[in-house]
Amino acid sequence: MMLEHLGQQIRQLRIRKGKGLNEFAKELHVSAGYLSNLETGKSDTIKLDILEKIQEELKVLPIDSTSSFSQRMKRIEQHITELEKKDPLYAEFLLQNIENSIEWFKERTK
């Protein structure tokens, strides 16, 4: 299970950084019980904003080098969708750059 693996990574990195469970839960604005459930794989969902906070604190993403392409694309889509709500122009800029890069690469490899 992907979240179980992520939870193990979060716990290891949290401990390595010397952060206690309660301390880190407060930083994330979640309960210690929720964080514990996440770390032990008892929680099967995680909100994107919490995942982003964890990433900022622990630099846990990418989850691992074996993450599937579709999982990575889904994360990118979620980030761009959230960004589009906050800053539509920047989201459009990113999408145009991705599209232009793909077209450039396709032309280059013909």
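Residues numbered from 1 in each chain as written. Predicted model: local features only at pLDDT ≥ 70, side-chain atom pairs only at ≥ 80, totals over all residues. Heavy atoms only, no water.

Caption draft 1: Main features of the packing of aromatic side chains. Tallied over the entire structure, the rule returns one aromatic pair. With centroids separated by 5.9 Å and ring planes inclined at 25°, the aromatic side chains of Y90 and F93 adopt a geometry described as stacked. Of this pair, Y90 and F93 both sit in helix α6 (residues 88–108), separated by three residues, roughly a single helical turn. Residue classification places F93 among the partly exposed residues on the basis of a relative accessible area of 45%. (Phe/Tyr/Trp six-rings, centres within 6.5 Å; stacked < 30°, edge-to-face > 60°. Helix = DSSP H or I, 4+ residues; strand = E, 2+ residues; numbered from the N terminus. Buried < 20%, exposed > 50% of the residue type's maximum accessible area, 1.4 Å probe, protein only.)

Caption draft 2: A look at the pattern of salt bridges. Using the criterion set out here, one finds four salt bridges in the structure. Close ionic contact of K19 with E57 constitutes a salt bridge, the shortest N to O distance being 3.5 Å. Within this pair, whereas K19 is found in the loop between α1 (2–16) and α2 (21–28), its partner E57 is found in helix α4 (residues 48–58), the two being separated by 38 residues in sequence. A salt bridge links K106 to E103, with the shortest nitrogen-to-oxygen separation between them at 3.6 Å. Here K106 pairs with E103, and both are found in helix α6, just three residues apart, close to one helical turn. If you follow the salt bridges from partner to partner, you end up with K19, E27 and E57 in one network. (Salt bridge = Lys/Arg side-chain N within 4 Å of Asp/Glu carboxyl O.)

Caption draft 3: Spatial organisation of the nonpolar core. Judged by nonpolar contacts, the single largest core of 14 residues is most densely connected at I10, F24, L28, V30, L35, I54 and L58. At the level of secondary structure, the elements contributing two or more residues to this core comprise α1, α2, α3 (32–39) and α4. Setting aside anything within four residues of it in sequence, one finds F24 in contact with I10, R14, K19, L35, I54, E57 and L58. (Core = buried A, V, L, I, M, F, W, Y, C linked by side-chain atoms within 4.5 Å. Contact = heavy atoms within 4.5 Å.)

Caption draft 4: Spotlight on the environment of L21. Note that L21 resides in helix α2. Along the sequence, L21 and G33 sit 12 residues apart, while their C-alpha atoms lie 9.1 Å from each other. Not counting residues within four places of it along the chain, the set of residues in contact with L21 comprises R14, A32, L35, S36 and E39.

Caption draft 5: Main features of the packing of α2 against α3. With their axes 8 Å apart at the nearest point, α2 and α3 run at an angle of 105° to one another. Between α2 and α3, the crossing angle belongs to the class labelled roughly perpendicular. When α2 is examined against α3, the residues L21, N22, F24, A25 and L28 are found in contact with a partner set consisting of A32, L35, S36 and E39. Here the residues of the contact of α2 with α3 sort into six nonpolar, two polar and one charged. (Axes fitted to C-alpha atoms, helices over the stretch in contact; angles between N-to-C directions. Parallel < 35°, antiparallel > 145°, perpendicular 65-115°, else oblique. Nonpolar A, V, L, I, M, F, W, Y, C, P; charged D, E, K, R; others polar.)

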